[in-house]
Amino acid sequence: MDRIRICGGVPINGEIPISGAKNAALPLMTAALLSAETLTLSNLPHLADITTLANLLVQHGVEIRMNGAAAGDGHIGRVLELSAGTITSTRAPYDLVRKMRASILVLGPLLAREGRAEVSLPGGCAIGTRPVDLHLKGLTLLGAEIDLREGYVHAAAPNGLVGAEIVFPMVSVGATENLLMAATLAKGTTRLVNAAREPEVTDLALCLTSMGARIEGMGSDTLIIHGVERLHGAAHSVIPDRIETGTYAMAAAITGGEVELLGAKAEHLRSVIEILGRAGVSVTETNRGLHVKRADGRLHGVDVMTEPFPGFPTDLQAQTMSLMAAAEGAAMITESIFENRFMHVPELCRMGADINVHGASAMVRGQPSLTGAEVMATDLRASVSLVIAALAAQGETVVNRVYHLDRGYERLEDKLAACGARIERIK
Ligand code: UD1
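Here's what I pulled together on the structure shown here.

A few points about the pairing of strand β3 (residues 38–44)
And then number 1: With 5 bridges joining them, β3 and strand β5 (residues 78–83) adopt antiparallel strand pairing. Looking at β5, one finds that L41 is bridged to L80.
And then number 2: As defined by bridge partners, β3 adjoins strand β14 (residues 234–237) across 4 bridges and the pair is classed as parallel. The residue of β14 that forms the bridge with S42 is S237.

Here is the structure:
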């Protein structure tokens, strides 16, 4: 199993190309199931999760052709042509779904196109129970009959889905995406109220629109979808990854470096830019992306609470905690989206951080310096928080179980090494 070795204490300086967003790419790929014509997606990141979903789509009968840069070959995104001319299977098996929760996103499209789907329940997850009840309740309101048997969701709508009003009791990115896709082919009008407003949801809505879907309210918390008979082919470019952007901004900030994040978009990161500003990091727009520089002196502790977009993203919570662990003063970090998303805390403490967790909040008392250690990655964002801490720590850190990182960060060690970090992958 690969590990990553980092010798800390070197400022990160230079340019980092930002890849296409994983969390936009995954739902966009499942949207290919909605049409018999070809969906061409460009600027896809080279990541394990993309391959996992491609394998799932292939077993549903989707033909996938790959163009563009090969894996690991520069930062030009990959291009995939996905053609779901005939759906050969509506079953998403456990051995593929369990690898990645986002596989549940095939449910809405399969049901809308084929009138049936059998999708394995995703099962447990390292960052809390993460149920799919909102996805299922929404599809029931669109007229589907849903049955849970032998670990599978059996969904049927033999006469097609019918538009309805769906009021989400809490904001869910995945449920919004699943229902949005299903509603594009339902009869009549669907209203999704308290819908997620994440940029990845809007990117999906834009792609669906270019496939012929009729969607109003994009970017707002109410999406109105007028169902159409069929969707056609389209070409769409995936938005830049705002979580990768925030992660590298924090890597530069914690090391006292200065980077330009190529292709990054400020409008996707307003809440993050605001917090970084208060911590003593300037983030400014350039004509190529975002410029990040820490002010002279140490960072300041700032309280942070995760919230649905446009609030501070939960996927940057762990990285922010590393930053605050090395800041001057204290910071209260509150996780309001997921339970049990503080698994990085014990590992950061082994690197000299002073963090106490009380329920959904963590009190971080910043230290003058962190120290390298052998640490264990537990999930995607937790792993990268250890890398960030290691970049600033004195001495050597070895991060184990980096397959978590490979699910969501494209060529992380190459991008950081190109900016001066002493980082290498140990095979
Ligand atoms: C997506 C992102 C993930 C991010 C999360 C929140 C992808 C592939 N993943 O995950 O990186 O951390 O949004 O921004 O885009 N919930 C329910 N019932 C449901 C669905 C969700 O109770 O049916 C709860 C979850 O347990 C969680 C909250 O709603 O507490 C938000 O989850 P959700 O927005 O659905 O996250 P994902 O779409 O799984």
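From this point, things continue past the structure.
What about helix α9 (residues 270–279)?
And then number 1: For α9, every residue scored as buried is listed here: S271, V272, I273, I275, L276 and A279.
And then number 2: Considering only its buried residues, α9 is in contact with α8 (242–255), β16 (281–285), β18 (304–305) and α10 (317–325).

Quick notes on the site of the ligand
And then number 1: Neighbouring the ligand are 19 residues; D133, L134, S172, D315 and I337 lie closest to it.
And then number 2: Interatomic distance of 3.5 Å between a side-chain N/O atom of R101 and an oxygen atom of the ligand.
And then number 3: A distance of 3.3 Å separates an oxygen atom of the ligand from a polar backbone atom of P131.
And then number 4: The set of elements that each furnish at least two residues to the shell around the ligand consists of α5 (133–141) and α6 (173–184).
And then number 5: Per-element tally for the shell around the ligand: the top contributor is α5, with 3 residues.
And then number 6: Classifying every residue of the shell around the ligand by side-chain character gives 9 nonpolar, 5 polar and 5 charged.

Quick look at the sheet that holds strand β8 (residues 145–149)
Within a sheet, each strand pairs with its neighbour through backbone hydrogen bonds, oriented either parallel or antiparallel.
And then number 1: If you walk across this open sheet you meet the 4 strands as β6-β7-β9-β8, and the pairing is mixed. Here the strands that pair on one side only, and so sit at the sheet edges, are β6 (91–92) and β8.
And then number 2: As defined by bridge partners, β8 adjoins strand β9 (residues 152–156) across 5 bridges and the pair is classed as antiparallel. Looking at the pairing, I146 lines up with A155 of β9.
And then number 3: Against the sheet, helix α4 (residues 107–114) engages β7 (116–120) and β9, with an angle of about 160° to β7.

Some details on the nonpolar core
And then number 1: Counting residues in each nonpolar core, the largest one holds 76 residues, and the members touching the most others are M29, L107, L161, L180, L192 and L208.
And then number 2: Once you skip the residues sitting within four places of it in the chain, L161 turns out to touch L111, A112, L142, A144, A182, A186 and K187.
And then number 3: In terms of nonpolar packing, the next biggest core, distinct from the first, is built from 70 residues, A249, A264, L348 and A353 among them.

Thoughts on the environment of I87
And then number 1: Topologically, I87 is positioned in the loop between β5 and β6.
And then number 2: Through-space distance from the C-alpha of I87 to that of G61 is 5.0 Å; in sequence the pair is 26 residues apart.
And then number 3: Excluding residues within four positions of it along the chain, I87 makes contact with L33, H60, L110, R113 and E114.

Quick word on the packing of α8 against α10
Pairs of packed helices are described in terms of their axes, by the angle between the two and the distance that separates them.
And then number 1: Direction vectors running N to C along α8 and α10 enclose 10°, while the axes themselves pass 10 Å from each other. As summarised for this structure, α8 and α10 are arranged roughly parallel, according to the angle between their axes. Between α8 and α10, the contacting residues are I243, T247, M250, A253 and I254 on the first element and Q319, T320, S322 and L323 on the second.
And then number 2: Tallied by class, residues from the contact of α8 with α10 come to 5 nonpolar, 4 polar and no charged.

Considerations on the sheet that holds strand β22 (residues 374–376)
And then number 1: Pairing within the open sheet is mixed, and its 4 strands lie in the order β22-β23-β1-β24. Since the sheet does not close on itself, it has two edges, and those belong to β22 and β24 (422–426), each with one partner. Across the sheet, the axes of successive neighbouring strands diverge by a mean angle of 20°, strand direction being ignored.
And then number 2: When β22 meets strand β23 (residues 396–400), the two strands line up parallel, connected through 3 bridges. Bridging across to β23, V375 finds its partner in V399.

Regarding the pattern of salt bridges
And then number 1: Tallied over the entire structure, the rule returns 23 salt bridges.
And then number 2: For D133, the salt bridge goes to K137, with nearest N and O atoms at 3.8 Å. One end of the pair, D133, and the other, K137, are both in helix α5, 4 residues apart, so they sit about a helical turn from each other.
And then number 3: Since its relative accessible area comes to 35%, D133 is described here as partly exposed.
And then number 4: K137 sits in the exposed class, given a relative accessible area of 52%.

Brief notes about the environment of V387
And then number 1: Along the polypeptide, V387 turns up in helix α12 (residues 380–392).
And then number 2: With a relative accessible area of 1%, V387 lands in the buried category.
And then number 3: Spatially, the C-alpha atoms of V387 and E347 are 11 Å apart, while their sequence positions differ by 40 residues.
And then number 4: Not counting the four nearest positions on each side in its chain, V387 is found in contact with I6, V399, L405, L412, L416 and I423.

Notes on the packing of aromatic side chains
And then number 1: Summed over the entire model, instances satisfying the criterion amount to 0 aromatic pairs.
And then number 2: Taking NZ or CZ as reference, R91 lies 4.1 Å from the ring centre of Y152, over its face.

Describing the packing of helix α1 (residues 22–31) against helix α7 (residues 199–210)
And then number 1: Running from N to C, α1 and α7 point in directions that differ by 30°, and their axes come no closer than 9 Å. The angle between the axes of α1 and α7 places the two elements in the roughly parallel class. Relative to α7, the crossing made by α1 is right-handed. Facing α1, whose interface residues are N23, A24, P27, L28 and A31, α7 presents E200, D203, L204, C207 and L208.
And then number 2: Considering only residue class, the contact of α1 with α7 consists of 7 nonpolar, 1 polar and 2 charged.

Reading guide: rules and limits
Residues numbered from 1 in each chain as written. Predicted model: local features only at pLDDT ≥ 70, side-chain atom pairs only at ≥ 80, totals over all residues. Heavy atoms only, no water. Pairing = 2+ DSSP bridges. Helix = DSSP H or I, 4+ residues; strand = E, 2+ residues; numbered from the N terminus. Buried < 20%, exposed > 50% of the residue type's maximum accessible area, 1.4 Å probe, protein only. Contact = heavy atoms within 4.5 Å. Near = heavy atom within 4 Å. Polar contact = N/O pair within 3.5 Å; in protein donor to acceptor, adjacent residues only side chain to side chain. Nonpolar A, V, L, I, M, F, W, Y, C, P; charged D, E, K, R; others polar. Axes fitted to C-alpha atoms, helices over the stretch in contact; angles between N-to-C directions. Core = buried A, V, L, I, M, F, W, Y, C linked by side-chain atoms within 4.5 Å. Parallel < 35°, antiparallel > 145°, perpendicular 65-115°, else oblique. Salt bridge = Lys/Arg side-chain N within 4 Å of Asp/Glu carboxyl O. Phe/Tyr/Trp six-rings, centres within 6.5 Å; stacked < 30°, edge-to-face > 60°. Lys NZ or Arg CZ within 6 Å of the ring centre and 35° of its normal. Left-handed = near helix turned anticlockwise from the far one by under 90°.

Read these as spatial facts, not as claims about activity.
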